[in-house]
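Report on the structure
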Amino acid sequence: MLTRKQLELLDFIRLRVDAEGVPPSFDEMKEALDLRSKSGIHRLITALEERGFIRRLAHRARAIEIIKLPEAMERSGFTPRVIEGSKAVAPKGAMMVEPVHAMDIPVMGRIAAGVPIEALQDISHHVAVPGSMLSGKGQHYALEVKGDSMIEAGINDGDIVVIREQATAENGDIVVALVDDSEATLKRFRRRGNMIALEAANPAYETRVLPDHQVKVQGRLVGLIRSY
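Let me begin by describing the structure that accompanies this report. Given the structure is predicted, the values throughout are model-derived calculations rather than measurements.

Here we look at the overall build of the chain
- Looking only at helices and strands, the chain features 4 helices and 13 strands.
- Residue burial in the chain is summarised as follows: out of 228 residues, 41% are buried.
- Sequence-distant contacts in the chain: of pairs separated by 6 or more residues, those separated by 24 or more amount to 58%.

Next comes the structure, spelled out in structure tokens:
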């Protein structure tokens, strides 16, 4: 699943390649998408690469390989090919980068990073994530973050967190915790004897300390996806 800006950029690259045989420059991408800086284009390009839609070739300037397109674009016909830029000299210290393989996992709904909300069980849609996030045994799923209680851990409202299903956690892990079998929240896990502390990463929120029988670990945070 791509954001609107990611789709716009992928379509702009495709149209420019079809029309002129070379991909647009970052300045041209920035102007076409009406962004204020090229850093936004860098993030969008990285997101497209992580989701397996494009690949950048490190030893060729302005070389982009379009690997796949969303279904709506594919209906018009598409054959993957490498578009080379005008320069063939590799930057000093450049390294070849292996392609990132993406996998689809279910998004189970929204998870509170603040006051716990009702636990969600239904799959709302799927999201493509880099396969490197899915290391280790067990099933994985994703949740959309609601709230700002974990901002000092780098987790913002609207982020997608990737969770590996597991019923145990180590002190300091960020987990999906089910409270009283009815409320789910994303917090840092601490065991204190027979009590469980669910710590926020925002001083505006208090730590919740509950008897261990009231808290069930549903999974551990293994990755995060942010759209710009």
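Some words on the environment of Leu 7
- Tracing the backbone shows Leu 7 in helix 1 (residues 4-20).
- Among the residues examined, Leu 7 registers a relative accessible area of 33% and is labelled partly exposed.

Topic: the packing of aromatic side chains
- Inspection of every chain in the model, using the stated rule, returns 0 aromatic pairs.
- Over the ring of Phe 53 we find Lys 68, and its NZ or CZ is 4.8 Å from the ring centre.

Details of the pairing of strand 8 (residues 160-164)
- Burial runs high along strand 8: 5 of the 5 residues are buried.
- Burial along strand 8 is two-sided: Ile 160, Val 162 and Arg 164 facing one way and Val 161 and Ile 163 facing the other are all buried.
- Here strand 7 (residues 140-146) pairs with strand 8 via 5 bridges, running antiparallel. In the strand pairing of strand 8, Leu 143 is matched with Val 161.

Overview of the packing of helix 1 against helix 3 (residues 38-50)
- The geometry of helix 1 relative to helix 3 is characterised by a closest axis approach of 10 Å and an angle of 85° between their N-to-C directions. The pairing of helix 1 with helix 3 is recorded here as roughly perpendicular in orientation. Contacts between helix 1 and helix 3 pair Lys 5, Gln 6, Leu 9, Leu 10 and Ile 13 from the former with Leu 44, Ile 45, Ala 47 and Leu 48 from the latter.
- By residue class, the composition of the contact of helix 1 with helix 3 is 7 nonpolar, 1 polar and 1 charged.

Re helix 1
- Along its 17 residues, helix 1 runs 24 Å from first to last C-alpha, staying within 8% of the 24 Å computed at 1.5 Å per residue.
- Every buried residue of helix 1 is accounted for by Lys 5, Gln 6, Leu 9, Leu 10, Phe 12, Ile 13, Arg 14, Arg 16 and Val 17.
- Gly 21, located one to two residues past helix 1, shows a positive phi value of around 85°.

Here we look at helix 3
- The terminal C-alpha atoms of helix 3, which comprises 13 residues, lie 18 Å apart, in line with the 18 Å expected from a rise of 1.5 Å per residue.
- When we look at burial in helix 3, the residues that qualify are Gly 40, Ile 41, Leu 44, Ile 45, Ala 47, Leu 48 and Glu 49.
- Looking at the buried residues of helix 3, the elements they touch are helix 1, helix 2 (26-32) and strand 1 (54-56).
- Gly 52 occupies a position one or two residues after helix 3 and carries a positive phi of about 85°.

What about the pattern of salt bridges?
- Within this structure, the stated rule accounts for 9 salt bridges.
- A salt bridge links Arg 4 to Glu 8, with the shortest nitrogen-to-oxygen separation between them at 2.9 Å. Taken together, the residues Arg 4 and Glu 8, both in helix 1 and 4 residues apart, mark about one turn of the helix.
- Judged by its relative accessible area of 57%, Arg 4 falls in the exposed class.
- Taking the relative accessible area as the measure of exposure, Glu 8 reaches 31% and is therefore partly exposed.
- Among the salt bridges present, the one from Glu 8 reaches Lys 5, with a minimum N-O distance of 3.8 Å. One end of the pair, Glu 8, and the other, Lys 5, are both in helix 1, 3 residues apart, so they sit about a helical turn from each other.
- Bridged by salt links that share partners, the residues Arg 4, Lys 5 and Glu 8 form one connected network.

Reading the values: rules and limits
- Residues numbered from 1 in each chain as written.
- Predicted model: local features only at pLDDT ≥ 70, side-chain atom pairs only at ≥ 80, totals over all residues.
- Heavy atoms only, no water.
- Helix = DSSP H or I, 4+ residues; strand = E, 2+ residues; numbered from the N terminus.
- Buried < 20%, exposed > 50% of the residue type's maximum accessible area, 1.4 Å probe, protein only.
- Contact = heavy atoms within 4.5 Å.
- Phe/Tyr/Trp six-rings, centres within 6.5 Å; stacked < 30°, edge-to-face > 60°.
- Lys NZ or Arg CZ within 6 Å of the ring centre and 35° of its normal.
- Pairing = 2+ DSSP bridges.
- Axes fitted to C-alpha atoms, helices over the stretch in contact; angles between N-to-C directions.
- Parallel < 35°, antiparallel > 145°, perpendicular 65-115°, else oblique.
- Nonpolar A, V, L, I, M, F, W, Y, C, P; charged D, E, K, R; others polar.
- Expected span 1.5 Å × (residues − 1).
- Salt bridge = Lys/Arg side-chain N within 4 Å of Asp/Glu carboxyl O.

None of the figures reported here should be taken as evidence of function without further support.
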